[in-house]
Amino acid sequence: MHLSDALVILRKKLWLIVGCVVVGVGLAVLLTSLMQRRFSSTVTIEVHKEGGTSLSLEDLSGAGQQLIGGDQLSVDLLTQQAVIGNENIAMKVLEDLGLTNSQPFLALRPANATASGQSLLETDPTYRDSAVNLFQSRLKITLVKGTRLVNVTYTDADPKQAARVANAVVEAYLISSTQQRYDATSKTSAWLTNQLSDLKNKVAESQRRVDDFRQKVGIIGAPTMSSAGSPQVGSDLGSVELARLNDLNAQLTAAETVRIAAEAAYRMTQSRDADVVLGIDSSQLNGAPGALASLDTVRLHQLRTQTGQLEVQISAETQKYGPRNPAILSLKSELAELQRQTNEEISRVGNQAARNLDLARKTEDGLLQSVDREKLRLGHMTTSADQLLLLEQEETSNRTLYQDLYGKLEAANILAGAKSSNVTIVNPARVPSGPSRPQPVQNIALGFLAGLATGLFLAFATAYHNDVLSTPEEVASLTSLPLLGLVPQAGKRRRWAYAYPYAPTKKADAAAESEGKFAWVLKAPRSVVAEACRQIRTAILLSRAEQPRTLLFTSSFSGEGKSTLTSNMAFAFGLQGSRVLLMDADMRRPTLHTKLGLTNGSGLSQCLTSDIDPASVIQVHPDMDKVHVMTSGPVPPAPSELLGSPRFVKLLEQMKKEYDYVFIDSPPVLLVTDAVLTSTLVDGVILVVRSGVTRRTPLRRALEQLAPSRNRLLGLILNAADIESSEFGGGYKYYGDSTYYEDSDA
């Protein structure tokens, strides 16, 4: 919805909105006059921040956390607000001031009650709840934003009573708060006394367990607590055992080195390669203590040297004497013997390396077991020291806590009766000078706003559910077809100049209307209706490049002014000098002959059912010879079949040759199919919409029915538009401006 649409709705529903506002204001004034006068009195108090004391449990545990900032302030104030308005404070004030013996609390008492109001508060739960609820409904507790201030307001019909009760509420709250703090401090003191007795016994028990453990384990120079509270081990605790463990660790490291070297030598001998075994002497493994010193490889060196020399000799003799020479065969036999001896020597060296590896492993395992035994002994010594350290820590903690609690108890005995409330009165309640309720200005303003809101809601709700088309904008929002023109509503006798702006007298107007109240173009050619018809004529002539000559006028339903508009458009074209045939194609409920004052003895139906000459049924309009009329004639049994017959097509072609324009008045689209059949045979179709009558859904359906002839649809005409209504605003007032058409000699 656009702003212009909203303004149209506001103008249209202005009196509805104004009526709702008047009703709202009237109800507000009435209710204000009937309301009882109430007086409110307010006490302002300040809630101070809670300060830490020596009785704080946070101080006792050493692990307290303090909420700071706006969250803590909000929590404190909301807590105090709830405490002030609780049931205990209300009952205290009711009893102290004796409010239960006066109105309105007196009216709450049961009819058969004989006890006083104070007694009923304790014995009758129903009366107590009713009295407390009534009291709390008159009590209002509000927080002053951004401060620690709290306003306590009480409202009553008696201004003095309001001030008295407000002050009594704060006084009862202060007394209750102080008593609660005293009780809490006393309970804390009693609790501390009991805790001191238990702690004293714990300190003695802790000290006894420390002494017993020292004697049990025989530790001298035992671990003690340092000045900072951390354990500190004595220098002579387990020093011999620690030195022995260090020496064993060094021996174990050396044994691991020997074992690694022996294992490497053994793996080299397993290769069965003399060169690899002899390479042990030149490797770093030869320097490992105890690893290879006992490996005897002298014989292996000799055999490897002899083998090499013999291989050289065989190679030289073979080239000289050939491989089958007896001397060569003898040398090869010697070479085989040397290789056998070499293998035996490698096996011997390998066995020796295996024995060395086994000895190294046993030595390493023995040292490893010794180290484990020493670690176990030293662990026992350390565990005993740690246990003693824990006992000493427990004894020290108990002693410290005992001393701290003893100091707190001394402070509690002093503060038990001296701690005051953290609430102070900033401004006491005073007798109000005027009533707080009712507030006439506020009530009237609320009534005005409520009435305005209700009026706007009703205005837009009714407009939303209103399906009637009234303005050109509403028609344009429904279809893309052009609006050929707007015909103002005629015959409104409120203003003579509106219907006949050029009629000199009321008598002439009456005469014109009696002669033919539908022929505005002829009887009142200078009226706004006639001028609108001439504008529509111009729009039709300019709607197509080739001017349409056969025009069909139809509407969604009957009663939308289609026949009247068709005849006036025929007169408008006739005034230009064109020969116009006005044909009444509504052969079901014809009305055109009645509006024009003509006979209907013969007409279109006879032309379509017989061979009668069309000229014989055409009548000339008595006031304009350029306009000829073919009435519908007698009602036939099947009008749709006649309009869809070749006879009607032939008739249209004949009339089109004899006349400049043929205007056809057809039945409504949604009632019968006559208009849809005829729309396919003409040059142009015009759909008439009556302002304030035609609805959106029927018009949409009519356009759907005419879809086969959409190319022939020239546009729509908004008929009988009440341009003086608020729906049209000021954009169409020129239709009623008679001064524009006045004669110059007037």
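Presented here is a report on the structure given in the accompanying data block. (Residues numbered from 1 in each chain as written. Predicted model: local features only at pLDDT ≥ 70, side-chain atom pairs only at ≥ 80, totals over all residues. Heavy atoms only, no water.)

Side note on the overall build of the chain
- Regarding its fold elements, the chain presents 25 helices and 14 strands.
- For the chain, buried positions account for 41% of its 746 residues.
- Considering only contacts in the chain between residues 6 or more positions apart, those separated by 24 or more positions represent 79%.
- Surface accessibility of the chain: about 39800 Å² in total, with carbon and sulfur atoms responsible for 54%. (Helix = DSSP H or I, 4+ residues; strand = E, 2+ residues; numbered from the N terminus. Buried < 20%, exposed > 50% of the residue type's maximum accessible area, 1.4 Å probe, protein only. Contact = heavy atoms within 4.5 Å. Areas by Shrake-Rupley, 256 points an atom, 1.4 Å probe, with all protein chains shown as cover.)

Here we look at the environment of proline 639
- Here proline 639 lies in helix α22 (residues 639-643).
- A relative accessible area of 4% means that proline 639 is categorised as buried.
- Separated by 53 residues in sequence, proline 639 and aspartate 586 have C-alpha atoms that sit 8.3 Å apart.
- When sequence neighbours within four positions are dropped, the list of residues in contact with proline 639 reads Met587, Arg588 and Asp674.

Comments concerning the sheet that holds strand β11 (residues 624-630)
- Here 8 strands make up an open sheet; going across it, the order is β7-β14-β13-β8-β12-β9-β11-β10 and the pairing mixed. Strand pairing shows two members of the sheet lacking a second neighbour, β7 (483-488) and β10 (618-621), which therefore form its edges. Geometrically, the sheet is characterised by an average inter-axis angle of 25° between neighbouring strands, direction not taken into account.
- Two strands pair when backbone bridges link them, and β10 and β11 are joined in this way by 4 bridges, in the antiparallel orientation. If you follow histidine 621 over to β11, its bridge partner there is methionine 624.
- Running over the sheet, helix α18 (residues 528-541) touches β7, β8 (550-555), β12 (661-665), β13 (684-690) and β14 (713-721) and is turned about 175° from β7. (Pairing = 2+ DSSP bridges. Axes fitted to C-alpha atoms, helices over the stretch in contact; angles between N-to-C directions.)

Some points on the packing of helix α2 (residues 14-34) against helix α13 (residues 440-465)
- Running from amino to carboxyl end, α2 crosses α13 at an angle of 150°, the nearest separation of the two axes being 7 Å. Judged by the angle between their axes, α2 and α13 are roughly antiparallel. When you trace α2 past α13, the crossing you get is right-handed. Judged by residue contacts, Leu16, Ile17, Cys20, Val21, Gly24, Val25, Ala28, Val29 and Thr32 of α2 engage Pro440, Asn443, Ile444, Gly447, Phe448, Gly451, Leu452, Thr454, Gly455, Leu456, Leu458 and Ala459 from α13.
- Partitioned by chemical class, the residues of the contact of α2 with α13 number 14 nonpolar, 7 polar and no charged. (Parallel < 35°, antiparallel > 145°, perpendicular 65-115°, else oblique. Left-handed = near helix turned anticlockwise from the far one by under 90°. Nonpolar A, V, L, I, M, F, W, Y, C, P; charged D, E, K, R; others polar.)

A word on a nonpolar patch on the surface
- The grouping of Leu14, Trp15, Val18 and Val22 at the surface amounts to a nonpolar patch, some 450 Å² of accessible area in total.
- The topology assignment puts tryptophan 15 in helix α2.
- For tryptophan 15, a relative accessible area of 72% corresponds to the exposed category. (Patch = residues over 30% accessible without salt bridge, like charges linked within 9 Å, V, L, I, M, F, W, Y side chains within 5 Å. Salt bridge = Lys/Arg side-chain N within 4 Å of Asp/Glu carboxyl O.)

So, the pattern of salt bridges
- Evaluation of the coordinates by the stated rule reveals 11 salt bridges.
- Of the charged contacts in the structure, one is a salt bridge between arginine 348 and glutamate 345, with a shortest N-O distance of 2.1 Å. Of this pair, arginine 348 and glutamate 345 are both found in helix α12 (residues 326-415), 3 residues apart, which corresponds to roughly one turn of the helix.
- With a closest N to O distance of 3.3 Å, lysine 656 and aspartate 683 form a salt bridge. Here lysine 656, found in helix α23 (residues 646-658), pairs with aspartate 683, found in the loop between α24 (674-679) and β13; they are 27 residues apart in sequence, far enough to count as distant.
- Taking relative accessible area as the criterion, lysine 656 reaches 23% and is therefore assigned partly exposed.

Notes on the packing of aromatic side chains
- The tally for this structure, following the rule as stated, stands at 5 aromatic pairs.
- Taking the centre distance of 5.3 Å and the plane angle of 35° together, the rings of phenylalanine 135 and tyrosine 154 count as tilted. Of the two residues, phenylalanine 135 sits in helix α7 (residues 125-138) while tyrosine 154 sits in strand β3 (residues 149-156), which places them 19 residues apart along the sequence. Residues phenylalanine 135 and tyrosine 154 agree in their burial class; the two are buried.
- Ring centres of tyrosine 661 and phenylalanine 663 lie 6.4 Å apart, and the angle between their planes is 55°; this geometry places the pair in the tilted category.
- By the ring-pair criterion, three or more aromatic residues cluster together here, those being Phe553, Phe573, Tyr661 and Phe663. (Phe/Tyr/Trp six-rings, centres within 6.5 Å; stacked < 30°, edge-to-face > 60°.)

Side note on the side chain of threonine 153
- Positionally, threonine 153 belongs in strand β3.
- In this structure the side chain of threonine 153 is engaged in a polar contact, spanning 2.8 Å, whose partner is the side chain of threonine 42.
- Setting aside anything within four residues of it in sequence, one finds threonine 153 in contact with Ser40, Ser41, Thr42, Arg138, Leu139 and Lys140. (Polar contact = N/O pair within 3.5 Å; in protein donor to acceptor, adjacent residues only side chain to side chain.)

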